[in-house]
Structures are given as structure tokens and as C-alpha cells.
Amino acid sequence: MAKVKKSPWVLHYDGASCNGCDIEVLACLTPVYDAERFGIVNTGDPMQADILLLTGGINAQCQEVVKQIYEQMPRPKVVVAVGTCACTGGVFKEAYNILGGADTTVPVDIYVPGCAARPQSIIDGIVKAVALFQQRSDEHDKGIVNGSREGES
Amino acid sequence: MSSVIAIVCFLVLAPFLGGFLDGLDRKISARMQGRIGPPVLQPFYDVHKLIHKQTIVVNKAQTFLMLTYMAVQLFVGVLFFAGSDILMCFFLLSTGATFLVFAGSVTHSPLSTLGTNRELLQMMAYEPAVLLACLGFYLAPPDHTFVVSELIQTPVSAILYLPGFFVAFVFILTIKMRKSPFDLATAHHAHQEVVKGITTELGAKNFAIYTITEWYEKVFLLAVVALFVVNANPLSYIAAVVVALAVWFLEILIDNTCARVKWDVLLKVTWVVTLLAAGVNMLILMLVF
Ligand code: SF4
């Protein structure tokens, strides 16, 4: 089995967030939290990413973008919803332009609650996502695709 | 016989050395920024993972172009360590770089195209210094030669005759190693101005090829730095390794202390430094020796 869990590359996409959660995501990379010590790289390129971090709710404008980013990522991949907005729609849930949380558009694996989600819990969520990433990679090597939730969206 | 050993050593050891230097680079950079940083073997974990990802190819020509890029860059190193013509090495190096340019532009992605244009600009910026460095090796007395196996047998280190060429070459090394402030085409870091520039449209496996090729290239470039110091005395090899590592550390320092510049600044600064350092050095060499 390939040990892929030591190298989780994260792609961060900001849906319709208030930017609160995005600041916290970036805070994870600062010297205080230093997510890179786990091998986490904040990449901007979906074609080379493993974990999709979504912040903020989904609106009609960003839905297609999120879908496309998700589809561009090579398997195995994991999706993490960061913040209450990305989990459920949060304080913007009733707004006319918001469709809801990230799971309205792509299959979400890990939910990180909080408004804004604290860096500690974001890193905790990523560590959980990494474990799932390893599991998916093992399944991917065995040729199992539908055992995970790939292809459902 | 010794050249065969050198070639095999290069082909087998260079990726490990390059990857290890890359890992140290990330560790040292992290420490400079007050972070703990990833494990030293992180680049190997990354490549291992990239190879195990699903294959996504945007354009079928891309894989062929990337493999050709890798093959040519490997061949450059082989020629160099076989003690062949240094001018040939650098011509081939530029030829290999054009395959990367093709791979970047074949997908028509706007980000990748922008990165490709910048890569071409970078080539335009560093090429004069590279060619002048070859010329410098030729002009350095006593024996006028481009052949590496003869250059390493000189009685005194080339750097004594070629300090200006050395400065110019180290200066453009920042471009070749994709270090800030000259990492316009693509960067190792997370700043995402043009996403990943020229490598944006490379799928995971092609990106692994790209990374391994970069390791080979890094070892080759540091070997050229070492060539400035090496002479007939075996002890000079130790000095050469020390100088190459010092230059490598200097690049990390520059990377962590400079902000990225615009392309016109890159072009002007590089050409001025090349002309002043290498040009003046060449004039003196031609007039005096
Ligand atoms: S969860 Fe709170 S902090 Fe995060 S995007 Fe929503 S409103 Fe902003």
C-alpha cells in the first residue's frame, strides 16, 4: 500500500464566506500552528491537490466553480467543509442567494463546525481527512472506486 | 572507466541528492520563518504520493513532452559528468527547457500560458549569462578548451580568472532554481498569483516527472558551480563542494528575504549584472591573457 498520508496537499476554495473562516485557514500555515510540519501544502492547483477545503455557503454563482474544481481533482480525494456556513449555510442560510452548505454541491466527508472555525479544529479536521485520504488511496490501489463516495456528484 | 562510474553515480544518486537538498531547503526556509517545517524526506513523500494519484492528462502530447524534457535534462547531466563539452551541455539544457515550454503551452489554459510566457522571458534573461559562463571557461588560461574533463585538470581554479562570470552565474541561478524574487513562471511556495504558472495543467504524475527532473537539474547546476573551483589538486573537490553548498544556502537566503519582482525588473537587473560582471571580466581576460 502506498503511504500517501504523509503528503496531503490542500486546495482551499472560498465559496460565499464572510472571509472569517478563510483567515483562520491561512492562520493554520503561520508559525504558531505551522500545518506544513504534517507535510500539508497549500496548493492552488486542483490537478495536484488531495484535500478540498471549502469555506462559506454555496450560492448560485459559485456552485459550478466548486463542482468543476472537485471534478478536476484526481482520485483519491477528500472534501472538508470548514465553518458553520460550509456545514449548513450558517447565518446566511435563509438568504435568497444561498443554496446551503457545501454538501449541496459536492460530497462532503469531514465537517468542521465553528464560526469562525478555530485553527486547532481546522487542523484536527485535516488530520481526520488525511486518515480518510489514506484509506481511499488503499481502496484506489485495489481498484475500488465506488466503495468511497467518488462519482456520486 | 571513471567517466562511466561518474555517469552511473549521477543517474542513480542525483535524484536522491536533489530531493534531499529540496527537503533541507524546506526545513531551513521554515526555520528562517520561525516554523518547525516538514520532515527532511518530505519531497520524497510528495513524489511518492503524486505517482499514486489517478492519471489525469489534459492533452495527450503533454506526457510525451514531459518525458522528453526529463530525458534531455538527464542527458545534459550525463554529458557533463562524462567530461564532455560544456557548451554542448548548456545548449542541450536550453533545448530541454523548450520541451517544458511546449508542455505548458499545449493546453491553452490562460494561467499555464501566462506561466509559459514568463518562462520564455526568464530564459531570455538568464541565457546570456549562461553562454558567457561557457565562454569564460574557454578563455581561462592556460588551455583554451570547452571540454569538462580537461577543465578539471587546470593547475589553478577557474574562479581566480573568472570571478565576474561566477557572480553572473550565481545571479541567474536564482532564476534557474525558481527562487524568489525571480520565480515568475512557477513557484515552490503557496503564493498563487498565477496558480502554479507553467505547471498548472500538469496532472499529478506529470508533476512528479517535473519534480524529479528538477532534482537532476539542481545537481547539474550545482556541479557547474563546483566546476569553477575544481582544479588538478584532489583537495579542491572538497572546496568545490563547500562552495556549491554555500551558493545553495545563499539562494535559500535570497528566496526568504526578497519579494517577487515584475518581469521588466527581472530582465533589466539580470542583463545589467551579466554585462557588468561577466562582460567586464571577459574584456580583462581578452586584453590581458
Ligand atoms: S462560519 Fe462564520 S466566520 Fe465562517 S464564513 Fe461563515 S459567518 Fe464567516
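All values reported here derive from a predicted model rather than from experimental measurement.

1. Thoughts on the interface of chain A and chain B
For interface size, the figure often reported is the accessible area lost on association.
Here's step 1: Taken together, the contact pairs 30 residues of chain A with 30 residues of chain B.
Here's step 2: Between chain A and chain B, roughly 2,500 Å² of surface is buried when both sides are summed, and carbon and sulfur atoms account for 54% of that area.
Here's step 3: If you sort the residues of chain A by the area they bury against chain B, Glu 36, Met 47 and Gln 48 of chain A come out on top, with a joint share of 25%.
Here's step 4: Summed over the shared surface of chain A and chain B, the result is 5 salt bridges.
Here's step 5: The shortest N-O distance in the salt bridge between Lys 53 of chain B and Asp 50 of chain A comes to 2.6 Å.
Here's step 6: The interface formed by chain A and chain B contains 17 residue pairs in polar contact (both at pLDDT 80 or more).
Here's step 7: Secondary structure elements with two or more residues in the side of chain A that touches chain B: strand S2 (41–43) and helix H4 (119–141) of chain A.
Here's step 8: Of the residues assigned to the side of chain A that touches chain B, the class counts are 12 nonpolar, 9 polar and 9 charged.

2. Points about unusual backbone geometry
Residues and elements named next belong to chain A.
Here's step 1: Cis geometry marks the peptide bond from Arg 75 to Pro 76; its omega dihedral reads -10°.
Here's step 2: Relative to the assigned elements, Pro 76 resides in the loop between helix H2 (60–72) and strand S5 (78–82).
Here's step 3: The amide bond that connects Cys 115 to the next residue, Ala 116, takes the cis arrangement and shows omega of -10°.
Here's step 4: Residue placement: Ala 116 occurs in the loop between strand S7 (110–112) and H4.
Here's step 5: The backbone phi angle of Asn 19 is positive, close to 80°, even though this residue is not glycine.
Here's step 6: Within the secondary structure, Asn 19 is located in the loop between strand S1 (9–14) and helix H1 (20–27).
Here's step 7: You can call Asn 19 partly exposed: its relative accessible area is 42%.
Here's step 8: Although it is not a glycine, Asp 34 sits at a positive phi angle of roughly 40°.
Here's step 9: Along the chain, Asp 34 turns up in the loop between H1 and S2.
Here's step 10: For Asp 34, a relative accessible area of 1% gives the class buried.

3. Quick word on the site of the ligand
Residue and element names in this part refer to chain A.
Here's step 1: Close to the ligand lie Ser 17, Cys 18, Gly 20, Cys 21, Gly 83, Thr 84, Cys 85, Val 91, Phe 92, Gly 114, Cys 115 and Ala 116, which account for all nearby residues.
Here's step 2: When residues of the shell around the ligand are traced back to their parent elements, those giving at least two are H1 and helix H3 (84–88).
Here's step 3: For the shell around the ligand, a count of residues per class yields 7 nonpolar, 5 polar and no charged.

4. Brief notes about the state of the cysteines
Here's step 1: Counted under the stated rule, the structure contains 0 disulfides over all chains.
Here's step 2: With no disulfide of its own, Cys 62 of chain A has Cys 85 of chain A as its nearest cysteine by sulfur position, at a separation of 11 Å.

5. Focus on the pattern of salt bridges
Here's step 1: Tallying each qualifying case throughout the model produces 16 salt bridges over all chains.
Here's step 2: Each member of the salt-bridge network shares a partner with another, and the members are Asp 34 and Glu 36 of chain A together with Arg 26, Arg 35 and Asp 46 of chain B.

6. With respect to the pairing of S5 of chain A
Residues and elements named next belong to chain A.
Here's step 1: Of all 5 residues in S5, 5 are buried, a share of seventy percent or more.
Here's step 2: Burial along S5 is two-sided: Val 78, Val 80 and Val 82 facing one way and Val 79 and Ala 81 facing the other are all buried.
Here's step 3: The sheet contact formed by strand S3 (residues 51–55) and S5 spans 5 bridges and is parallel. Counterpart to Ile 51 in the pairing with S5 is Val 78.
Here's step 4: In the sheet, S5 pairs with S7 via 3 bridges, with the strands oriented parallel. The residue of S7 that forms the bridge with Ala 81 is Tyr 111.

7. Some words on the packing of aromatic side chains
Residue and element names in this part refer to chain B.
Here's step 1: Counting across every chain of the model gives 16 aromatic pairs over all chains.
Here's step 2: On the basis of an interplanar angle of 20° and a centroid distance of 4.9 Å, the ring pair of Phe 10 and Phe 81 is categorised as stacked. Residue Phe 10 is found in helix H1 (residues 2–32), and its partner Phe 81 is found in helix H3 (residues 60–81); the two are separated by 71 residues along the sequence.
Here's step 3: Residue Phe 10 is classed as buried on the basis of its relative accessible area of 4%.
Here's step 4: Arranged with centres 5.7 Å apart and planes meeting at 25°, the rings of Phe 207 and Tyr 210 form a pair that is stacked. Here Tyr 210 and Phe 207 lie together in helix H8 (residues 204–227), a separation of 3 residues that amounts to about one turn.

Conventions and cut-offs
Residues numbered from 1 in each chain as written. Chains lettered and ligands numbered in written order. Predicted model: local features only at pLDDT ≥ 70, side-chain atom pairs only at ≥ 80, totals over all residues. Heavy atoms only, no water. Contact = heavy atoms within 4.5 Å. Buried area = accessible area lost by both parts, 1.4 Å probe. Salt bridge = Lys/Arg side-chain N within 4 Å of Asp/Glu carboxyl O. Polar contact = N/O pair within 3.5 Å; in protein donor to acceptor, adjacent residues only side chain to side chain. Helix = DSSP H or I, 4+ residues; strand = E, 2+ residues; numbered from the N terminus. Nonpolar A, V, L, I, M, F, W, Y, C, P; charged D, E, K, R; others polar. Buried < 20%, exposed > 50% of the residue type's maximum accessible area, 1.4 Å probe, protein only. Near = heavy atom within 4 Å. Disulfide = S-S within 2.5 Å. Pairing = 2+ DSSP bridges. Phe/Tyr/Trp six-rings, centres within 6.5 Å; stacked < 30°, edge-to-face > 60°.

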